[in-house]
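Tertiary structure, described
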Amino acid sequence: MEILQYALRKLLAGLPLILGVTLVSFALMVYFGPDMTYQLLGKNPTPEQILEVRQQLGYDQPFLQRYLVFLGEIVTFDFGVASTGEPVATLLAKTIPVSLILILPGFILGHVVGLLLALAAAYWRGSWPDKLIMAVAVIGMSVSFLIVIIGFQIVLSSSDGLDLFPVRGWNASSLGNYLSYVTVPTLATMFVALGYDTRFYRSVIVEEMTRDHVRTSRAFGLPESRILLRNILKNCLIPFITRVMFSIPQVAIGGALLIESYFGIPGIGKATYEAIVTGDQPVLKAVVSLTAILFVLVVVLNDILYRVVDPRVTLK
Amino acid sequence: MNAVTLALPAETRARGESLWRKAARKFGRDRLGMLALGVVLAYFIVALGAWLGWWAGGWADLSGTKWEPVSSTHWFGTNIIGQDIFDRAVFSTATAFEVGLSVALAATLIGAVLGAFAGFFVGSWIDEFLLWCMGVLDAIPFYLFVAAVAYALTDNPWAMQVAMIATFWVGTGRLIRGEVIKLRGMEYVEAAHSIGVSEPAIIFRHILPNTGHILLVQASITFVSAIKAEVILSFLGLGIKDGMSWGLMIDESTKEVLAGFYNNFLAASVLMFGLVMAFNAVADALQDALDPRKVG
């Protein structure tokens, strides 16, 4: 009950953020954005036709009124029709699940592998496994996401490489198909975050390992596994949760956009990219609003998780 | 005799040495850091030469035929329409420095000033407003923001840089805000207050100079982020419009790679990797050298 109240209060506090995001993106994309009038008209339009389309697009109304209409669209979750003639809601319902099953495996694996590598590095701190893992992490941080994607594609999917997986495209009709199409994007998603994640996890673990209470526990002869789980990892949970939570919006938009547009996968990222290129404002407005809402949800959930893992944190 | 004269400077050094002198000494002893700094300088000379027209002037010329292999005239071969890949890759180094330096300098400057104001007036409406701005900029998807800025600036060639600066200052701003909150409670700031130093003077002359070590590290991290973002944005068609960059080369190469021609892809990605890697190593070495908690 206390948590529910807290969550509601936090969500309300997130409203200014949503207002800010929508205001900035509305001003940039719609108000100062490209004039869509002539894209909707045929050749040689009459002045009446031009006027009608402008009215339809709301160009004859003042800024504030158009922004309020946009806010109304967010509240009712009705963003109108995309330039392809499809309702935006249908487009979202079709593309978001694809992106979820595309991105999720790489996201989870990336954090798990990063944590395991960080544990190994922290355990052998200062000796060669640590140095090796950290050197590889810096190398991983220095490779562009785009190069990672193309590199994996050459090695795993091209006829000059191992030729194990399809070059591009998407098919999730059966588990076998899904696995063959999802592997290369998953490896790329995993690899690109691995360097940063490993370094972050290692630094948190090492800081916790050198605390006095760990030394004391060791002096009392507690088994190493128990010290690791109860004294070290448990105390690392808060930075870990923050890291994982705040990488969600980034991966959901940035990662999906690049991977999907490169491999031609019909997810929300590719839909967003196409909307950017063609200036499809109903889709862009929907994506911006959804990301802002996702961001606020992540912040709220993050704070609630703090409370769950650490009872000393008070929800006020 | 000898021992005494040698011992003296070491002692004075330990007592009255500034953070920067000590950091420079620590950095000089960091062999990996110095090596990386050398690599960055070498890249910078390559970029400088391309700016001044010493080399790579023929990056847009059709100097060969399609997909020529590596030869003495075309060191990295030629691309699909017969342009010299080596010249293009070298010219792109200059683009990378242009983007990296302009974004890093502007974003660090804005982050420093706004972060310092937010931190100095912590809890006031100025702080609330700046925090709200940072939250909003964090919550807008980066690629969408770049596209939106490009629309709003009607294809201005600086649209990409403007968008990067507008988002990248936030990280620095948050760090500086935190540091300034710590510094503003210190006695020397209180002393400045009590002898009537004005608030702007306290912020700019007494507080900000003491965040220099954070700014230097942040600038080098921003430089790397800008170069990496340029490559992806140019590939998506949102980045460099006129000229040549590693991102445009990689974009070009995506069609060639599937046909089994790798020169363009390898040239751009290896050169880019080298610069980013070296800069990352410099940033790490700087961070180690400037961290007062680490005993040198």
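Residues numbered from 1 in each chain as written. Chains lettered and ligands numbered in written order. Predicted model: local features only at pLDDT ≥ 70, side-chain atom pairs only at ≥ 80, totals over all residues. Heavy atoms only, no water.

**Considerations on the overall build of chain A**
Broken down by element type, chain A carries 13 helices and zero strands. Its helices and strands in sequence order give chain A the pattern α-α-α-α-α-α-α-α-α-α-α-α-α, from N to C terminus. Once the C-alpha set of chain A is aligned to its principal axes, its extents read approximately 85 × 60 × 35 Å. The buried share of chain A, taken over its 316 residues, is 47%. Long-range contacts, defined as pairs at least 24 residues apart, comprise 72% of the intrachain contacts of chain A with a sequence gap of at least 6. As displayed, chain A offers around 16200 Å² of accessible surface, 67% of which is attributable to carbon and sulfur atoms. Distance between charge centroids for chain A: 12 Å, based on 23 positive and 21 negative side chains. (Helix = DSSP H or I, 4+ residues; strand = E, 2+ residues; numbered from the N terminus. Buried < 20%, exposed > 50% of the residue type's maximum accessible area, 1.4 Å probe, protein only. Contact = heavy atoms within 4.5 Å. Areas by Shrake-Rupley, 256 points an atom, 1.4 Å probe, with all protein chains shown as cover. Lys, Arg positive; Asp, Glu negative; His and termini not counted. Charge placed at Lys NZ, Arg CZ, Asp CG, Glu CD.)

**Quick look at the nonpolar core**
Inside soluble globular proteins, nonpolar side chains tend to come together where they are buried. Residues and elements named next belong to chain B. Within the largest apolar cluster, 133 residues are counted, with the highest numbers of intra-cluster contacts made by Met164, Leu236 and Trp246. Those residues in contact with Met164 that sit more than four places away from it in its chain are Val99, Val103, Phe142, Ala226, Ala229, Glu230 and Leu233. In terms of nonpolar packing, the next biggest core, distinct from the first, is built from 15 residues, Phe121, Ile176, Val189 and Ile207 among them. (Core = buried A, V, L, I, M, F, W, Y, C linked by side-chain atoms within 4.5 Å.)

**Let's talk about the confidence of the model for chain A**
Mean pLDDT over chain A works out to 85, with 96% of the residues at or above the 70 mark. The secondary structure element of chain A with the lowest average pLDDT is helix 3 (residues 37-40) of chain A, at 66, and the one with the highest is helix 6 (residues 88-123) of chain A, at 92. (pLDDT = per-residue confidence, 0-100.)

**Comments concerning the pattern of salt bridges**
Residue and element names in this part refer to chain A. Under the criterion given, the structure shown has 15 salt bridges over all chains. For the salt bridge of Arg211 with Glu207, the shortest nitrogen-to-oxygen distance reads 3.7 Å. Between Arg211 and Glu208 there is a salt bridge, and its shortest N-O distance comes to 3.3 Å. Taking the relative accessible area as the measure of exposure, Arg211 reaches 37% and is therefore partly exposed. It is possible to trace a salt-bridge network through shared partners that takes in Glu207, Glu208 and Arg211. (Salt bridge = Lys/Arg side-chain N within 4 Å of Asp/Glu carboxyl O.)

**Describing the environment of Leu130(B)**
By secondary structure assignment, the location of Leu130(B) is in helix 5 (residues 125-139). Once the C-alpha coordinates of Leu130(B) and Ser269(B) are considered, the two residues, 139 residues apart in sequence, prove to be 38 Å apart.

**A look at the environment of Tyr262(B)**
Summarising the element assignment, Tyr262(B) is placed in the loop between helix 11 (246-257) and helix 12 (263-290). As for Tyr262(B) and Asn79(B), which are separated by 183 residues in sequence, their C-alpha atoms are 9.6 Å apart. Setting aside chain neighbours within four positions, we find Tyr262(B) in contact with Ile154(A), Ser158(A), Asp160(A) and Val257(B).

**Some words on the interface of chain B and chain A**
Tallying the contact residues gives 35 residues for chain B and 46 residues for chain A. Taking both partners together, chain B and chain A bury about 3500 Å²; carbon and sulfur atoms supply 78% of that area. In terms of surface lost to chain A, no three residues of chain B exceed Leu144(B), Tyr151(B) and Leu236(B), which account for 18% of the buried area on that side. Across the contact surface, chain B and chain A share one salt bridge. (Buried area = accessible area lost by both parts, 1.4 Å probe.)

**Here's the deal with helix 2 (residues 19-29) of chain B**
Residue and element names in this part refer to chain B. Listed in full, the buried residues belonging to helix 2 are Ala23, Lys26 and Phe27. Buried residues in helix 2, looked at end-on, bunch into an arc of 100°, giving them a common side. Facing away from the buried side of helix 2, by more than 90 degrees, are the exposed residues Arg21 and Arg29. Buried-residue contacts for helix 2 involve helix 3 (31-52) and helix 12. (Arc of directions from axis to C-beta.)

**Focus on the packing of helix 2 of chain B against helix 3 of chain B**
Residues and elements named next belong to chain B. Running from N to C, helix 2 and helix 3 cross one another at 90°; their axes reach a closest spacing of 5 Å. By the angle class used here, helix 2 and helix 3 are roughly perpendicular. Contacts from Phe27, Gly28 and Arg29 of helix 2 reach helix 3 at Arg31, Gly33, Met34 and Leu37. Its residues assigned to classes, the contact of helix 2 with helix 3 comprises three nonpolar, two polar and two charged. (Axes fitted to C-alpha atoms, helices over the stretch in contact; angles between N-to-C directions. Parallel < 35°, antiparallel > 145°, perpendicular 65-115°, else oblique. Nonpolar A, V, L, I, M, F, W, Y, C, P; charged D, E, K, R; others polar.)

**Some words on the side chain of Lys228(B)**
One can find Lys228(B) in helix 10 (residues 212-235). Asp197(A) provides the closest opposite charge to the buried, unpaired Lys228(B), separated from it by 12 Å. Filtering out sequence-adjacent residues up to four positions away, Lys228(B) remains in contact with Met141(A), Val143(A), Ser144(A), Tyr196(A), Met272(B) and Val276(B).

**Some details on the confidence of the model for chain B**
Note: predicted coordinates in regions of low pLDDT should not be interpreted at a detailed level. Residue and element names in this part refer to chain B. On average, residues of chain B score 84 in pLDDT, and 88% of them are at 70 or above. Averaged pLDDT values over the elements of chain B bottom out at 49 in helix 1 (residues 2-16) and peak at 93 in helix 7 (residues 159-183). In the predicted structure, residues 1-12 sits below a pLDDT of 50 and forms one contact with residues beyond four places in sequence or in another chain. Note on the complex model: pTM 0.86, ipTM 0.83.

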